[in-house]
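The chain contents come next:
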Amino acid sequence: MQRTDTDHQFLTRAIDLAGRGRGRVHPNPVVGAVVVKDGVVLGEGWHAEYGGAHAEVNAIADCDGADLTGATIYVSLEPCCHQGKTPPCTDAILAAGISRVVVAADDPTIKASGRGLGILRDEGVTVDVAGGELAARARLSNQAFRKLARTGRPWVLFKSAMTLDGKVATRTGDSKWISSDTSRALAHRWRASVDAVAVGIGTALADDPQLTARIDDSDGPPLRQPRRVIFDATARLPLDSKLVAEVHTVPLTVVVSRAAHRSATDALETAGADVIVATGQNEPGRVRSALDQLGERGVAAILLEGGPHLAGAFLDAGEIDEVRLFLAPLLLGGSKARDPLEGEGVERISEALRALTLDCERVADDILVSARLREW
């Protein structure tokens, strides 16, 4: 695309608008759109809720019936061309008489992958696709959607809170609370932005957590609660736990191995839990197996909250895509205090996984370190 300053401005706006749907449209991608004619914005829209109208349709509706002949629509993601919960966006664009479409990023799914742009071109619509920084921004806004489309596995965000000396719990296992109230509130927003929250059975037994997103957000459609995923090789999760007690209001998946007793898995299923049997010769293999099956269930993004044993298995499996670590102004000491990541790890520094990006910001008394490990 031969980019103009005007194209950059309106495409940037479309990408910004897309973010308004985060936490409300998954497993769909976030998408924003801007309709412009003769340099004037006539309408804006974004995909606001799962099952609702897409960004392009909302932007066209926002034009209040204006004549869109010769108009340009700027979209953060390639318009869909298939019938899903809503009609194809390519149909809406063509029906509106829009003559040019500017797209920030491609849609890598099999049912799209350039088909929508081809349909538009065949109907005489001029199509331009961005490159460079705008394309990268648009891709990064939909990493979970893109990874699921390309691999069939969910995108994984590992989150932890650690002390200045890199510990997540004392030698007795106490970990409440390392991070600040503000940091924990932010983590609840992350829960609301993903499809599932995952922990190991050790964390589930020690804390009896709910793993729900507890935030006050009355602006817009209600946030959906993430599925709770417990990696529990031998099906030890108590039937009287909070996780099981709330299974009929918030989905629960228990990942077991072949070593789990049938009576225990049957009891969990009778209580309403979804039980996944993960196969593989070792823990990383079972992690990949579980992610394959979660992807088949439509889980596109997982917030991995621990504990260290499970996090290490995910790292060894090569299935951590981003890391967010809260660094608290505390020192624990002790050779038996817990590290955030266990597992096998690497033998040489040269084999270490290097982050693609690294960012730091202050959150109350903590420092939040965010590292992106892969791009999809």
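Residues numbered from 1 in each chain as written. Predicted model: local features only at pLDDT ≥ 70, side-chain atom pairs only at ≥ 80, totals over all residues. Heavy atoms only, no water.

Named according to an unreviewed UniProt entry, the chain is Riboflavin biosynthesis protein RibD originating from Baekduia soli. Here the chain is described in UniProt, under the heading Function (unreviewed entry), as follows: "Converts 2,5-diamino-6-(ribosylamino)-4(3h)-pyrimidinone 5'-phosphate into 5-amino-6-(ribosylamino)-2,4(1h,3h)-pyrimidinedione 5'-phosphate." (UniProt positions renumbered as here; feature names shortened; annotations may be inferred.)

## Examining the UniProt feature "binding site: Zn(2+)" (unreviewed entry) in the chain
In the numbering used here, UniProt assigns the "binding site: Zn(2+)" (unreviewed entry) feature to His 54, Cys 80 and Cys 89. A maximum C-alpha distance of 9.1 Å places the annotated residues, which cover 36 residues in sequence, within one compact spot. For Cys 80, the location among the structural elements is in the loop between β3 (72-75) and α3 (89-96). With respect to the helices, strands and loops of the structure, Cys 89 is situated in helix α3. When neighbours within four sequence positions are excluded, Cys 89 is seen to be in contact with His 54, Glu 56, Val 57, Pro 79 and Cys 80. (Helix = DSSP H or I, 4+ residues; strand = E, 2+ residues; numbered from the N terminus. Contact = heavy atoms within 4.5 Å.)

## Structural notes on the packing of aromatic side chains
Enumeration according to the criterion identifies 3 aromatic pairs in this entry. The interplanar angle of 50 degrees and the centroid separation of 5.4 Å between the aromatic rings of Phe 10 and Tyr 74 together place this pair among those described as tilted. Taken as a pair, Phe 10 in helix α1 (residues 5-18) and Tyr 74 in strand β3 lie far apart in primary sequence, 64 residues in all. For Phe 10, a relative accessible area of 5% corresponds to the buried category. Note on Phe 231 and Phe 314: the rings are 5.5 Å apart at their centroids and 75 degrees apart in plane angle, and the pair reads as edge-to-face. In this pair, Phe 231 is assigned in strand β8 (residues 227-231) and Phe 314 in helix α12 (residues 308-316), connecting sequence segments 83 residues apart. (Phe/Tyr/Trp six-rings, centres within 6.5 Å; stacked < 30°, edge-to-face > 60°. Buried < 20%, exposed > 50% of the residue type's maximum accessible area, 1.4 Å probe, protein only.)

## What about helix α5 (residues 132-140)?
All of the buried residues in α5 are Leu 134, Ala 135 and Ala 138. Within α5, the buried residues cover an arc of 95 degrees as seen down the axis, which keeps them to one side. (Arc of directions from axis to C-beta.)

## Details of the UniProt feature "binding site: substrate" (unreviewed entry) in the chain
Taking the UniProt record as the reference, the feature "binding site: substrate" (unreviewed entry) is found at Ser 175, Arg 191, Thr 203, Leu 211, Arg 214 and Glu 305. Along the chain, Arg 191 turns up in helix α7 (residues 181-192). Not counting residues up to four positions away in its chain, the partners in contact with Arg 191 are Val 197, Leu 211, Thr 212, Ala 213, Arg 214, Pro 226, Leu 303 and Glu 305. Mapped onto the elements, Thr 203 comes out in helix α8 (residues 201-207). Once residues within four sequence positions are removed from consideration, Thr 203 is found in contact with Asp 208, Pro 209, Gly 306 and Gly 307.

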